[in-house]
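# Commentary on secondary and tertiary structure
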Amino acid sequence: MLKTWPTDLPIWTDPERLGGAPCFLNTRVPVDALFANLEDGVSLDEFLTAFDGVKREHALAILEYVRKIFRNEAA
């Protein structure tokens, strides 16, 4: 199944890499790693330190995108 994302979202996908999982732009870090780490109690700063290639503004853009989805669902 081909997924599409807003063009301004800082992610990329490739069915040939990491099973097509969405990854942070210019990295091989799956977006899901952010959510898994947050679930485990890792702070955003700790995540960014552990995944050096992920930019703060990219992580925040992903979180904001998900927040907007839930806000729209609740409306």
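Refer to the preceding data block for the structure.
Below is a short write-up of the structure.

Here is what the cut-offs are and how they apply
Residues numbered from 1 in each chain as written. Predicted model: local features only at pLDDT ≥ 70, side-chain atom pairs only at ≥ 80, totals over all residues. Heavy atoms only, no water. Helix = DSSP H or I, 4+ residues; strand = E, 2+ residues; numbered from the N terminus. Contact = heavy atoms within 4.5 Å. Buried < 20%, exposed > 50% of the residue type's maximum accessible area, 1.4 Å probe, protein only. Arc of directions from axis to C-beta.

So, about the environment of V54. Turning to its location among the elements, V54 is positioned in the loop between α2 (44–50) and α3 (56–74). The spacing of V54 and V29 is 25 residues in sequence and 7.5 Å in space, taken between C-alpha atoms. Discounting residues that sit within four places of it in the chain, V54 has contacts with F24, T27, V29, F47, L48 and A59.

Our next topic: the environment of T13. With respect to the helices and strands, the residue T13 is situated in the loop between β1 (11–12) and β2 (23–24). When its relative accessible area of 34% is taken as the criterion, T13 is described as partly exposed. Sequence separation of T13 and C23 is ten residues, and the distance between their C-alpha atoms is 6.3 Å. Leave out the neighbours within four places in its chain, and T13 touches W5, G20, A21 and P22.

Take helix α1 (residues 31–39) next. V31, A33, L34 and N37 are the residues of α1 that are buried. All buried residues of α1 lie within an arc of 160° about the axis, which places them on one face of the element. Along α1, exposed side chains directed more than 90 degrees from the buried face belong to D32 and E39. Backbone geometry just downstream of α1 places G41 in the positive-phi region, at approximately 90°.

For the rest of this paragraph, the subject is unusual backbone geometry. In this structure, L18 is a non-glycine residue whose phi angle is positive, near 50°. Along the chain, the position of L18 falls in the loop between β1 and β2. A positive phi angle is found at N26, which is not glycine, with a value near 65°. As for its placement among the helices and strands, N26 is situated in the loop between β2 and α1.

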